[in-house]
Amino acid sequence: LLVSCTDDPGLHEGYYPANELVYMFPSHNKFTMDTGNRGEGTFDVEAQGVSWQFRNSLKWVHLNPMSGSGFAKIKLNIDENPSTTNSRTGIFYLEPSSDTKWDLSFELSVSQGRAVPYATPEKTTMTFAGAPSTQVLKIESNCNWTISESASWITLSNKSNAVDVSVLANETGSSRSATLYIYPEGNPPSTAPTVTQSAATITTAVKKLEFKNSAGEYSLKINADANWKASSDQTWISVSPSSGTPGEKVLKVSVSPNTSISSRSGYVDFQINSKDILSIPVTQEGYFLKSEPTSLTMSAGEETKSVKVLSNSSWRILTKPSWLTVTPSSGKDTLNVSVKSAENPDVVERSGYIVLKADNISLTCSLKVAQSGQQFAYGKDH
């Protein structure tokens, strides 16, 4: 409060003393945070007759607004304390604006406790396939940290703000899990990520293998997560190579000739660590010989019809009626043949069999052929 007066108006004629109210002050001048976490708050600045501003050289303290006139609500933001061992204190000032000659300044202090050490992984679960592989686990922290694993099949390699997590091939036959422990500056683990790995598998796009009765070979492509072995439950099936390492591989699956008239079947089996992982069915057809259709009906006059002989062997016509002509009389595998009948001179239907025989095996099939007899109408001479 400023008061001025005079006792001699004659000396200052025409002058009248006046009081101008000028003031400025903050509602708080001390701010304290017990922890080093990021924080925010508000306080008030009240002023009259003067513009004001903050003078702040603290990079970790932010004020908004930084200047004004009259009343204002100030937002105070404090950055996280990067130190986990030391607290910190800083000072900033509230003072008249630079265009004001009023010489007044308020000192405001900010105190912040040390940061609580933390090391937080970007994810709390990591999932791996059965094959050997590596994933990067990023870690956000404000301190030095260490990491350890609870399983021998996991290997850890520290990087800057991250760790390489590597797993061996899972040859156990079932999925497995383990825990990673992250210690911020020797403190108890803040977070414990879980690592889960599926059992190692062997995959292929082939669902089954089918062979003709002759000797054959097929190139089988597989993709294995771990070391593997391959075998067959049948002596007529062979696999090469019979073992291998992880990754994409090509095997030769071979079959010997099937000299019987019956088809046969077996499996190619794959194992990892003596555990059955994959079985691929293998079938091989035997010798066969048949015709389509299995019977023919011819008219009384000359007539020619086509028949398909289906086989996987060479074959020939063993017997046939004399009134039939078959062209060709021999062949190999599947072939169309022509059956021609001579005119039936009788009024009685006649029939017979075309018998086909495989050359390399005792295998025959029969095609029945029937031919209508002549028909005559009454009242006509013949």
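Before reading further, recall that the structure is shown in the block above.
Remember, predicted model here, so these are calculated numbers, not experimental data.

(A) How the structure looks around the overall build of the chain. Summing up its helical and strand segments, the chain has zero helices and 35 strands in all. Against the globule reference of 21 Å for 382 residues, the chain gives a C-alpha radius of gyration of 50 Å, more extended than a compact globule. C-alpha atoms of the chain, sized along the principal axes, occupy 175 × 65 × 25 Å. A total of 382 residues make up the chain; the buried ones form 36% of that total. A fraction of 60% describes how many contacts in the chain between residues 6 or more apart in sequence connect residues 24 or more apart.

(B) Quick peek at the side chain of Asp225. Among the structural elements, Asp225 can be located in the loop between strand 20 (216-224) and strand 21 (228-232). Notably, Asp225 is buried but unbridged: the nearest opposite-charge side chain belongs to Arg176, and the N-O separation is 11 Å. With residues up to four places along the chain from it excluded, the contact list for Asp225 reads Gly130, Ala131, Pro132, Ala169, Ala199, Ala200, Thr201 and Pro246.

(C) Layout of the pairing of strand 30 (residues 314-319). Pairing analysis gives three bridges linking strand 30 to strand 32 (residues 330-332), with the strands arranged antiparallel. Among the inter-strand pairings, Ser314 is bridged to a residue of strand 32, identified as Lys332. Two elements, strand 30 and strand 34 (residues 350-358), share four bridges in a ladder whose sense is antiparallel. The residue of strand 34 that forms the bridge with Arg316 is Lys357.

(D) Examining the environment of Ser87 more closely. With respect to the secondary-structure elements, Ser87 resides in the loop between strand 7 (72-78) and strand 8 (88-96). On the basis of relative accessibility, which here comes to 56%, the residue Ser87 falls in the exposed class. Sequence-wise, Ser87 and Gly113 are 26 residues apart; in three dimensions their C-alpha atoms are separated by 4.3 Å. The contact partners of Ser87, leaving out residues within four places of it in the chain, are Asn81, Gln112, Gly113 and Arg114.

(E) Spotlight on the environment of Trp323. When you line up the elements, Trp323 lands in the loop between strand 30 and strand 31 (324-327). For the pair Trp323 and Asn158, spaced 165 residues apart in sequence, the C-alpha separation works out to 93 Å.

(F) Structural view of a nonpolar patch on the surface. The grouping of Val347, Val348 and Phe376 at the surface amounts to a nonpolar patch, some 290 Å² of accessible area in total. Take Phe376: it is sitting in the segment after strand 35 (364-371). A residue is classified by how much of its surface remains accessible, and Phe376, at 51% relative accessible area, is exposed.

(G) Geometry of unusual backbone geometry. With omega at 0°, the peptide bond leading from Asn64 into Pro65 counts as cis. Locating Pro65 in the fold gives a position in the loop between strand 5 (61-64) and strand 6 (67-69). Even without glycine at this site, Asn161 takes up a positive phi of about 60°. Inspection of the secondary structure assignment puts Asn161 in the loop between strand 14 (154-159) and strand 15 (162-167).

(H) View of the pattern of salt bridges. Considering all chains together, one arrives at six salt bridges under this definition. One salt bridge in this structure joins Arg55 and Glu95, with 3.2 Å as the shortest N-O distance. Here Arg55, found in strand 4 (residues 51-55), pairs with Glu95, found in strand 8; they are 40 residues apart in sequence, far enough to count as distant. For Glu95, a relative accessible area of 14% gives the class buried. One salt bridge connects Asp359 with Arg316, and the closest N-O pair in it is separated by 3.6 Å. Linking Asp359 in the loop between strand 34 and strand 35 with Arg316 in strand 30, this pair joins segments that are 43 residues apart in sequence.

(I) Spatial organisation of the sheet that holds strand 18 (residues 202-203). On the basis of which strands lie adjacent, the open sheet formed by four strands has the order 18-20-24-22 and antiparallel pairing. A single partner strand is all that each edge strand has here, and the edge strands are strand 18 and strand 22 (237-240). Pairing geometry for strand 20 and strand 24 (residues 247-255), over nine bridges, is antiparallel. If you follow Gly216 over to strand 24, its bridge partner there is Val255.

(J) Seen up close, the pairing of strand 2 (residues 30-33). Only one face of strand 2 is buried, namely the one carrying Phe31 and Met33, since none of Lys30 and Thr32 on the opposite face is buried. Relative to strand 9 (residues 106-112), strand 2 runs parallel, the two sharing four bridges. Bridge pairing in strand 9 links Thr32 to Ser111.

(K) Molecular detail of the sheet that holds strand 25 (residues 264-272). Read across the open sheet, the five strands follow the order 19-26-25-21-23; overall the sheet is mixed. Two strands lie at the open edges of the sheet, namely strand 19 (209-211) and strand 23 (243-244), each paired on one side alone. Bridge count between strand 21 and strand 25: four bridges; the pairing is antiparallel. Of the residues in strand 25, the one forming a bridge with Ala230 is Phe270.

Conventions adopted
- Residues numbered from 1 in each chain as written.
- Predicted model: local features only at pLDDT ≥ 70, side-chain atom pairs only at ≥ 80, totals over all residues.
- Heavy atoms only, no water.
- Helix = DSSP H or I, 4+ residues; strand = E, 2+ residues; numbered from the N terminus.
- Rg over C-alpha atoms; globule rule 2.2 N^0.38 Å.
- Buried < 20%, exposed > 50% of the residue type's maximum accessible area, 1.4 Å probe, protein only.
- Contact = heavy atoms within 4.5 Å.
- Lys, Arg positive; Asp, Glu negative; His and termini not counted.
- Salt bridge = Lys/Arg side-chain N within 4 Å of Asp/Glu carboxyl O.
- Pairing = 2+ DSSP bridges.
- Patch = residues over 30% accessible without salt bridge, like charges linked within 9 Å, V, L, I, M, F, W, Y side chains within 5 Å.
- Areas by Shrake-Rupley, 256 points an atom, 1.4 Å probe, with all protein chains shown as cover.

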